[in-house]
Structure formats: structure tokens, C-alpha cells
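# Geometric and topological summary
Here is what each chain is made of, one letter per residue.
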Amino acid sequence: MELIFAATVAVLYAGGLYMMLRRNIVKFLLGLAMLSHGANLLIFTAGGLTRGKAPLIEPGADAAAAGVADPLPQALILTAIVISFAVLAFALVLFLRAYRLTGTDDLDDLRSTES
Amino acid sequence: MSAPSLLLLAPVLIPLLGAMLAFIAWGRRRTQKAIGLTAVTLLSATAILLLIRVQRQGILAVQIGNWDAPFGIPLVADLLGALMVTLSGITGLAVGLYAVFYMDRKREIHGFYPLFLALLAGVNGAFLTGDIFNLYVCFEIMLMASFVLLSLGGEKAQLEGAVKYVALNFLSSAIFLAAVGLLYGTAGTLNMADLAVKLSSDDTTPIATIISMLFLVAFGIKAAVFPLFFWLPASYHTPPVPISAVFAGLLTKVGVYAMIRVFTLIFIGDTPTTHTLIVGIALLTMVTGVLGAAAQFDIRRILSFHIVSQIGYMILGLGLFTRVALAGSVFYLAHHIIVKTNLFLIGGIVRRLQGTEDLGRLGGLYRSRPFLAVLFLIPAMSLAGIPPLSGFFAKLFLIVAAIEIRAYISVAVALGVGLLTLYSMTKIWNEAFWKAADRNGESSGNESRVLPLYLPVVGLALLTVLIGLAAGPVFSLSLEAADQLLDPSQYIRAVLGK
């Protein structure tokens, strides 16, 4: 199971980085999105995969029984998804505005602020 | 909630509350200005109180929500953290005061003040948090606010700069997040003190070193080190002056702070590998930054490249990893934040007086504004490292530290880069202040619009002189901070209570 997840993460990272190296601004953004999905899945996998055991604490017990799924990575991912959603939405609007103002979607043409 | 814990929470809460109130007062510029100024004043006052308290009674830690460490999220103020919060308070106050008189109506109506306060909340949260995932969240708060601040106004240059800034910082966040996930998978904790304990055994060192490289890249992008700095000179000169001043003063330094924190607390198992690499990066950063600046001919572009080169000095101290070197880094941070913010603010006055920042078209400011010329000389000479100003001592301590461990290449580079910094500063001096103006009389009539801007500039210049004159006490404070950094057991004891 870990191997499948690891392979998926690898594909997401490779695809994301490839898209980020493209000159088209939209492809670049898609690359960023893939990269953050890859990171989320990486946290999930690194935190340990456990099937079918919810982290519920029995009445009267102090801690969950051994072998339950770790809820913390999922909490981290949830936070990360919210953040990357917000940033992506902002980036989308920003890139659209930049495209309308500069009239180009080619990242190589956005050079006026460099020397 | 006891008084010390409130004191520790205040640097995050005050700007956050201020930001919320300012959001509620959307569109009411005068109310927002009042909220903004009150918040930054309170922030700098509490930050100074916090620094005094930490200096007298040692590291202060609070568990948020009373969840015991390592399960809850702690806020921790050691001397470095408290000092950084103090510097962010001072920068916030200076830039806030400046912005009240400088910012244009359009940007004020579209939320400059709430965003500025949210930025400060994120920065202070990053300086005080004791949890690595919380550090990520604080980074994101800060970045989100900075994204909007950078593109606020929507000018063509701003948007172009913002595209690069957003893209690379997003990439850096993704790497940071992946590194946090791997760290949790390895150590099973996110509390930085607990991580330091769990990763101290030898068998986790190889994997920790690999993860540390991810952190180095993530923080390296944010701190703008070689070869990851290209977004900075492409974007920092595009927004209005107060915004670029607070970016220049604080944002890259959060990356430097995070680097110092993780590479003194968590990743210290294999210092010959990691810290030698940091020295190499530092030297290349110093050289490329200063050479980039030499090729520029616009005040804020020159200054932006100098941020890059000065970041190199700060992480050089981290890389050398001795007591004096780390103290030198802390001193350099304090000196640099104040001086760099001030230089940007002065650039804004020049821009307002002559309508441009292009050195070719500027001129004659020494004749028409001798006081401004003196005010420019103080931070400029300090940046270049002329005694008795703060920058001289900052460089001196780093160079002494490098000589002590016979790192002669570092010494040579640090001295050479200092000389080239002087070249850039004299270039601005010659072109903007010394040479005759091409169009005389244009600079008159703006007196009332410029006069209030001098207030924060004079304040920061006095502070620069003060750090230079009181270099002894400031350095002994830096040494105490370095002692805490080199002995993580103090930090761990304060957080975990054992």
C-alpha cells in the first residue's frame, strides 16, 4: 500500500515540476496545484497508513487503543488544503489580472521588472 | 491567564485584533489609521517589555489552550525570538507612521492597514511559535498578507513582480510542508523542543540530515539565498515605498530566523555536512548579491540586491556555528532590519521630492536637502560597515568569529563584499545627492508632504547610531542569545518542563 502511495506522490511531484518548467502561466499554476497535492499525500503516507481503525477513545479510557489511525496527519492535511486552496485562488486571480494587463501568458515575456 | 503568558501572546494578538478591527472599519481611512497606529505602538511597547522579561528571567513558554507539551502548541520566547519580535515592533511602528503620511487613498481604501497588521501578526507568530507546523501556518498568514500587499493597486510592474513572488513562495511553502510531513513521519511529533529530543540519537541523524536539506531549500527561498533569490530583486522595488520597506526589513529575515531556529535546535546531528554547506551558500549569496547591486541604477533596485548580499552575512554566522559567530548573526539581524528599513524609507522621500528613483535623473539633493543627505549617510555608511556605526560592529564580530576558527576564505569574502557595498552606497550618494541637479527648482513646494516622513526616518537613524555607540551591551545581549541557541537544553526545559 505504501508503495502505491509513494509512486503516486512521485508522479504528482514529477508532473508538477514538469508543468512548472513550462512557459505558459496556466500550466505553471496547474503544476503548483499538483505539487501541493503531492505534499498533502506525502504527509498522509509519511504519517503511516492504517485501515479501518478510527481513533476513537472508549468511554472511561484515557487514550485510544493501540493500532488506530493517527488523526494528526489528517488534521495537518486539512489545514494545508485550506491554505493551498486560498493561495491558489488568489494566484489564479493574480495571474488573470497580469495576463490582461501585460497581454501575454508566456512567463519568459514578463521581464520588465528585471534588469 | 497569568501576566507573563499574556505578555507572550500580546505580540501576536495585538496586530491580529488590530487587523480584525481595521477590516470591520473597511473604507474608513481615518479610523483605520488610528487603529493601525495604536496597534503598532502597543506592539512595540509590549515587545520591549517581553524582551526585558526574557533577558532577566530566562526563556518564557506558554502552552496554548492548556494542552501539555508536547501535544499542545506552545509559544516560546527565547532571547532571539524576543529580540526579533522587538525589531518587528520597531519596524512596524516606523513603517506605520510613514505609511499614514505616504500611502495613497486608493490603496488605503482597499485595505492597506488591515493587511499590514495581519502581516505583522504572521511575522510575530513565526518568531514566537514552538511548533513546526504552526510555523508553517504563520508563514502562510504572513505570505498571504504580503501577496495582497505586493499586488495592491494593480500596476503593471507590481503584478509582474507579484507573479514571480507568489509562484516561488508557493513552491517554497510546498517544500516546507513536505518537509514537515516527513519530519512527523520520522519523529512522530511537531513540537520543536520535542523534535530536538527525539532526533538527538545517532540512528536518526542520516534521515534528519536529508529532511534538513528540504528545510534549507524552503527557508532558503524565503530568505533569498543563492541560488534561490531571483524573485526578490524582481519584485521588491515594485510596490509603494512603505510596503517595500516592511518587506525589506522583515520578510526575508523571517526566513533567516527560521533557518537559525531549525539549524540550532533540531538539525545539529551532522554539523560538518549541514553547516559547511550553509557557509558555502552564505559566501555565494554575499558575492552574487553585491555584484548584482553594482550593476543597478535605481535606488530601490540597488537596495534590493543588497538585501540578498546581507542575508549572506547573517547565515554565515549560522554556518560557522560558534558562540561569537551566532552572536554576530543575531547582532547583524538587529542592525540590518533597522538600517534596511530606513534606507527604503529614505528612498521614498527622495522619490517624493524628485519624482523618480532612477539615479541618472536624480541629483542636487545635498545642496537642496542637506539634512536628508546626512540622514541617508548614517544608514548607508552603517550598511557598508564604517565605524562607529552598527554595521561595522556587526561585520567585525562575524569576521573575528571566522578568524578564530581559521575560516580565512569567509574573512576575505566578508571584507571584499563590505568594500563593494561601500561602492554601491557611494554610487547612490554621488548620483542622487552630490552631482548637480539637471532640472533645478523642481524639488521645491513639496515641503509639507515630505516633512512628516522625516519622523520615522530620524527615529531609525538615531537607533542605528545608538546600536553603534552601545555596541558592547547589544553584543553581550547577542552573546546571551547565542548561548541559548548553542545549548538547546534550556529551550527544551522551558517548553517540556524537564
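Now for a description of the structure that goes with this document.

Rules used throughout
Residues numbered from 1 in each chain as written. Chains lettered and ligands numbered in written order. Predicted model: local features only at pLDDT ≥ 70, side-chain atom pairs only at ≥ 80, totals over all residues. Heavy atoms only, no water. Helix = DSSP H or I, 4+ residues; strand = E, 2+ residues; numbered from the N terminus. Rg over C-alpha atoms; globule rule 2.2 N^0.38 Å. Buried < 20%, exposed > 50% of the residue type's maximum accessible area, 1.4 Å probe, protein only. Areas by Shrake-Rupley, 256 points an atom, 1.4 Å probe, with all protein chains shown as cover. Lys, Arg positive; Asp, Glu negative; His and termini not counted. Charge placed at Lys NZ, Arg CZ, Asp CG, Glu CD. Contact = heavy atoms within 4.5 Å. Axes fitted to C-alpha atoms, helices over the stretch in contact; angles between N-to-C directions. Parallel < 35°, antiparallel > 145°, perpendicular 65-115°, else oblique. Left-handed = near helix turned anticlockwise from the far one by under 90°. Buried area = accessible area lost by both parts, 1.4 Å probe. Salt bridge = Lys/Arg side-chain N within 4 Å of Asp/Glu carboxyl O. Polar contact = N/O pair within 3.5 Å; in protein donor to acceptor, adjacent residues only side chain to side chain. 1 Å grid on protein atoms, 1.4 Å probe; cavity = no way out; pocket = protein on both sides within 12 Å on 5 of 7 lines; lining within 4 Å. Points joined across faces, edges and corners; volume = space filled by probe spheres on them.

In this section: the overall build of chain B. When you go through chain B residue by residue, the secondary structure sums to 22 helices and two strands. A compact globule built from 498 residues would reach a C-alpha radius of gyration of about 23 Å, and chain B, at 21 Å, matches this within 12%. Put simply, chain B has 498 residues, and 66% of those count as buried. Counting every atom, chain B has about 16400 Å² of accessible surface; 67% of that belongs to carbon and sulfur. Each charge sign in chain B was given a centre, from 32 positive and 23 negative side chains, and these centres are 10 Å apart.

Relative to the elements of secondary structure, B:Thr91 occurs in helix 3 (residues 79-102). Setting aside its immediate chain neighbours within four residues, B:Thr91 contacts B:Gly96, B:Val246, B:Leu250, B:Ile337 and B:Thr341.

Moving on: the packing of helix 9 (residues 205-223) of chain B against helix 12 (residues 271-294) of chain B. All names here are of chain B. Axis separation between helix 9 and helix 12 bottoms out at 11 Å; the angle between their running directions is 25°. The angle between the axes of helix 9 and helix 12 places the two elements in the roughly parallel class. For the pair helix 9 and helix 12, the sense of crossing is right-handed. Where helix 9 abuts helix 12, its residues Thr209, Ser212, Met213 and Leu216 lie against Thr274, Leu277, Ile278 and Ile281.

Looking now at the interface of chain A and chain B. Counting residues at the interface gives 39 residues for chain A, matched by 36 residues for chain B. Each partner contributes to the roughly 3100 Å² buried at the junction of chain A and chain B, and carbon and sulfur atoms together form 79% of this total. When the buried area of chain A at its contact with chain B is split by residue, A:Val87, A:Phe90 and A:Thr113 rank highest and sum to 19% of it. Scanning the region where chain A abuts chain B turns up zero salt bridges. At the boundary of chain A with chain B, the tally comes to two residue pairs in polar contact (both at pLDDT 80 or more). Elements with a contribution of two residues or more to the side of chain A that touches chain B: helix 1 (2-20), helix 2 (25-46) and helix 3 (71-102) of chain A. With 18 residues, the top contributor of residues to the side of chain A that touches chain B is helix 3 of chain A.

Glancing now at the layout of surface pockets. Over the atoms rolls a probe the size of a water molecule, and its path tells where empty space is left. By volume, the largest pocket is sized at about 760 Å³. Lining of the largest pocket is provided by 30 residues; of these, A:Asp70, A:Leu72, B:Pro70, B:Phe71 and B:Tyr184 occupy positions nearest its centre. Looking at the lining of the largest pocket, the elements that each hand over two or more residues are helix 3 of chain A together with helix 6 (132-151) and helix 8 (192-198) of chain B. Each pocket or cavity is described by its volume, and for the second largest pocket that value is around 620 Å³. Of all the elements in the fold, those that place two or more residues in the lining of the second largest pocket are helix 7 (156-187), helix 10 (231-235) and helix 13 (299-320) of chain B.

Geometry only, nothing functional implied.
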